[in-house]
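# Structure assessment
Here are the chains, one letter per residue:
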Amino acid sequence: MRLTKLLTILALCSGLVLAGCTNSNNNNSTSPSNSSAPPASESASPSPDEASAKLEKLGLDSNLRFKETRKIKVEIYDRGNTGGTKPEDNFYTNFIKDGMLRDHNVEVTFVPVPRWTEGEAINNLLAAGEAPDVAVTYSYPTVQTYANMGGITNLAPLVDEHKDLLPNLWGLLTESNINWDRDPNAGTLWALEARLNILNRINTFVREDWLKKLNLPAPTNLQEFENMLKAFKDNASTLLGKDAGKLIPFSTSFDVGWRADHLTSSYFPDNITDKDMYVYGFDDRRLLYPNYKEGIRTLNKWYNEGLVWKDFPLYPAGDATEDNLMKAGFVGAFIHNWDYPYRSGEDGITGNLHMLVGPDANYIAVEPFKNEAGVYQKFLSAPVDRKVFFPATNKEPLASMLYLDWISKIDNRVYLQFGEEGKTHEKMPDGSYKTIAATDEYLMNSPANIDYTITSNGLDTGNPDLTVKSIANGYAGVDARLIEVASKITTNEGRVGKNAKAGEIKAEEGQGEALKAKRDAFLDQAVVAPVAKFDAVYDAGMKDYLKSGGQAIIDERIAAWEKLYGSETMLK
């Protein structure tokens, strides 16, 4: 590419970024601006000589290829999938490695990190000075802790100074996600927030064929849902025959906070303020929201009535026991990720149900949990996802930034999401993609390869209409009607998260994993406690949670909010 052509493209991309250019990824209604962030590149485009000198200084040619090969390491989650490929060495890693070497002369090595113990694994790698150059986590407090220890790189100067070299990254994340975590006072930026393309979150599922067998309507309120669970239990022989003793009316997991979310959210006040959501929202299960305890009390009641899987606390993250119970057809209802029972084709829950029980054995999404105002209130994520950061040991920050730009390019993202035509997808007459379940080298270890598209989570074809059609096409062996219902319900009457832009909360440092562990443990204990001891167990757990750092975080968040917004309780 001739230099003048490159400069024209860069100038055009810069302008597009300023305008928030991408069709598919901007969700400005849910992406608050960040007035504390520095403005986008507002200076005039550099002259050809200035641009050439800049590239020369950076060791790049006019095609943004390093003149000398650079090497970087990138974190990749190891999900331990049975029958999966090596996460660090497979068809898709080769696609990325070849592309980065071809386009930027950068050699990429992937470093596998166990998905379910990622915090501990990254801690150890950072402590040993062996962390990958590009790392990800779902926990921003963890990032802040690393930053305060001097363990990671301030990305602010990198994204600002090299913005003209990173059009795909800026185009995907936009000003909002790029600057989401920029400290309003210090100006530091310890992580980039990946873009969450689809706000679909969780659903409440019930066995549709069981409802039909028992002539029950889909439950539309709490009492109907409870009556349904009791009907499942009382009619176990009708539903499961010789396996009646294995019937589980309602299933949950050790992560009660996530898996009871629709139930607990229905107890929150309808008029909860943005201030309360910020102050108490540092726990991502909303443990501290008003009336949360009453949702857990209901779960405790059900547990003691034999309506909840009695062994749920025994199985840790990543254990397949609960999924296997669903696949075997023993579970009547559960709350989980919005499309959970429809994933993984023949190997998934629906695929196994069809083989073992029959084609009518399906889970369908329902809405049974209204709040005090009669609203099916759901608390949706902000359009942010994983936090991408560079450890301080990163010696190739520009090559790492170019990696993020390459992985953000729409053509590369689409390829990684859908794979090879004829192997992992078909191209439909309307232009949409229909996923084909692969079991060979083309198998993806994570849905739509999200572990590789680390700046983006959720399908995005670049065309919103095609994206929606492709989502509906993407579940092999599943009735599209079930997907459409699940997709509609999961965001119905939802409330999207906002960014209070209050900066670092010192009290959160080092508390992310510790408080999470305490929360999960005491919620499990509260659910399985005898009804008469529920209050004592729950209150003791909450007291310990607050004493262990939770209250300090609340106090600092209140002060941070009031410093920014005074007596206002809602964000503009």
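Heads up: the structure comes first, above all this text.
The notes below deal with the structure included here. (Residues numbered from 1 in each chain as written. Predicted model: local features only at pLDDT ≥ 70, side-chain atom pairs only at ≥ 80, totals over all residues. Heavy atoms only, no water.)

## Quick look at the nonpolar core
With 88 residues, the main nonpolar core has Phe-225, Ile-296, Leu-299, Trp-302 and Tyr-538 as its most contacted residues. For this core, the leading source of residues is helix H22 (residues 534-565), giving eight residues. Apart from the residues lying within four places of it in its own chain, the contact partners of Tyr-538 are Leu-287, Tyr-292, Lys-293, Ile-296, Phe-522, Leu-523 and Ala-526. Core analysis: the second largest hydrophobic core is formed by 44 residues, Leu-60, Leu-158, Leu-404 and Ile-454 among them. (Core = buried A, V, L, I, M, F, W, Y, C linked by side-chain atoms within 4.5 Å. Buried < 20%, exposed > 50% of the residue type's maximum accessible area, 1.4 Å probe, protein only. Helix = DSSP H or I, 4+ residues; strand = E, 2+ residues; numbered from the N terminus. Contact = heavy atoms within 4.5 Å.)

## A closer look at the packing of aromatic side chains
A complete count under the given rule lists 27 aromatic pairs for this structure. Relative to Phe-334, the ring of Phe-205 lies with its centre 5.3 Å away and its plane at 35 degrees, an arrangement referred to as tilted. Of this pair, Phe-205 sits in strand S5 (residues 202-207) while Phe-334 sits in strand S7 (residues 331-337), placing them 129 residues apart in sequence. Across from the ring centre of Tyr-77, 4.9 Å away, lies the NZ or CZ of Arg-115, which sits over that ring. For Arg-207, the ring lying beneath its charged end belongs to Tyr-363, and the centroid distance is 6.0 Å. (Phe/Tyr/Trp six-rings, centres within 6.5 Å; stacked < 30°, edge-to-face > 60°. Lys NZ or Arg CZ within 6 Å of the ring centre and 35° of its normal.)

## Some remarks on the sheet that holds strand S3 (residues 135-137)
Spatial ordering of the open sheet is given by S3-S10-S4-S13, a layout of four strands whose pairing is mixed. The sheet is open, and its two borders are formed by S3 and strand S13 (456-457), each paired with just one other strand. Relative to S13, strand S4 (residues 192-196) runs parallel, the two sharing two bridges. The residue of S13 that forms the bridge with Leu-196 is Asn-457. (Pairing = 2+ DSSP bridges.)

## A few points about the packing of helix H21 (residues 512-528) against H22
Each packed pair of helices is defined by two parameters, the angle between the axes and the distance between the axes. Packing of H21 against H22 leaves a shortest axis separation of 9 Å and a crossing angle of 170 degrees. Taken together, the axes of H21 and H22 are roughly antiparallel relative to one another. Contacts from Leu-515, Lys-518, Arg-519, Phe-522, Leu-523, Gln-525 and Ala-526 of H21 reach H22 at Phe-534, Val-537, Tyr-538, Gly-541, Met-542, Asp-544, Tyr-545, Ser-548, Gly-549, Gly-550 and Ile-553. Looking at the contact of H21 with H22, its residues break down into ten nonpolar, five polar and three charged. (Axes fitted to C-alpha atoms, helices over the stretch in contact; angles between N-to-C directions. Parallel < 35°, antiparallel > 145°, perpendicular 65-115°, else oblique. Nonpolar A, V, L, I, M, F, W, Y, C, P; charged D, E, K, R; others polar.)

## Considerations on the sheet that holds strand S6 (residues 248-251)
Here four strands make up an open sheet; going across it, the order is S6-S7-S5-S8 and the pairing mixed. Sheet topology places S6 and strand S8 (363-366) at the edges, where each strand pairs with a single neighbour. Neighbour-to-neighbour, the strand axes of this sheet turn through a mean angle of 25 degrees, independent of strand direction. Here four bridges tie S5 to S8, and the two strands are oriented antiparallel to one another. Bridge pairing in S8 places Thr-204 opposite Val-366. Packing against the sheet, helix H9 (residues 222-234) makes contact with S5, S6 and S7, and its axis sits at approximately 135 degrees to S6. Strands S5 and S8 of the sheet are contacted by helix H20 (residues 480-489), whose axis makes an angle of about 25 degrees with S8.

## Here's the deal with the environment of Pro-383
Note on placement: Pro-383 falls in the loop between strand S9 (378-380) and strand S10 (384-389). For the pair Pro-383 and Gln-417, spaced 34 residues apart in sequence, the C-alpha to C-alpha distance is 19 Å.

## A short note on the packing of H9 against helix H14 (residues 292-304)
Orientation of H9 relative to H14, taken along the N-to-C sense of each, is 20 degrees, at an axis distance of 12 Å. When the axes of H9 and H14 are compared, the pair comes out roughly parallel. Crossing angle aside, the handedness with which H9 passes H14 is right-handed. Between H9 and H14, the contacting residues are Leu-222, Phe-225, Glu-226 and Leu-229 on the first element and Thr-298, Lys-301 and Trp-302 on the second. (Left-handed = near helix turned anticlockwise from the far one by under 90°.)

## Quick look at the pairing of strand S2 (residues 106-114)
Bridge count for strand S1 (residues 70-78) against S2 is nine bridges, and the pairing is parallel. Each bridged residue has a counterpart across the sheet, and for Lys-71 the counterpart in S2 is Glu-107. A crossover links S1 with its parallel partner S2, the connecting element being helix H3 (residues 91-104), and its sense is right-handed. (Right-handed = clockwise from strand over helix to strand, strands pointing away.)

## Points about helix H16 (residues 349-356)
If you check which residues of H16 are buried, you get Ile-349, Thr-350, Gly-351, Asn-352 and Leu-353. Buried-residue contacts for H16 involve S5, helix H15 (321-328) and S8.

## So, the pattern of salt bridges
Per the stated rule, a full pass over the model turns up 42 salt bridges. The shortest N-O distance in the salt bridge between Arg-259 and Glu-322 comes to 2.7 Å. One end of the pair, Arg-259, is in helix H11 (residues 256-259); the other, Glu-322, is in helix H15, and 63 residues separate them in sequence. Neither residue differs from the other here; Arg-259 and Glu-322 are each classed as buried. A salt bridge links Glu-508 to Arg-557; the shortest N-O distance between them is 2.7 Å. (Salt bridge = Lys/Arg side-chain N within 4 Å of Asp/Glu carboxyl O.)

## Quick look at the environment of Leu-192
For Leu-192, the position within the fold is in strand S4. A relative accessible area of 1% means that Leu-192 is categorised as buried. Between the C-alpha atom of Leu-192 and that of Lys-387, which follows or precedes it by 195 residues, the distance is 5.5 Å. With near-sequence residues (within four places) excluded, Leu-192 lies in contact with Leu-155, Val-159, Leu-169, Leu-173, Asn-177, Ile-178, Arg-386, Lys-387, Val-388, Met-401 and Leu-404.

## Some points on unusual backbone geometry
Phi angles above zero are rare outside glycine, and Thr-174 is one such case at about 65 degrees. Here Thr-174 shows up in helix H7 (residues 167-178). Its identity is not glycine, yet Arg-286 carries a phi of approximately 60 degrees, on the positive side. Looking at the secondary structure, you find Arg-286 in the loop between helix H13 (274-279) and H14.

## What about a nonpolar patch on the surface?
Together, Met-355, Leu-356 and Val-357 make up an exposed nonpolar region whose accessible area comes to about 320 Å². Tracing the backbone shows Leu-356 in helix H16. According to the relative accessible area criterion, Leu-356 is exposed, its value standing at 59%. (Patch = residues over 30% accessible without salt bridge, like charges linked within 9 Å, V, L, I, M, F, W, Y side chains within 5 Å. Areas by Shrake-Rupley, 256 points an atom, 1.4 Å probe, with all protein chains shown as cover.)

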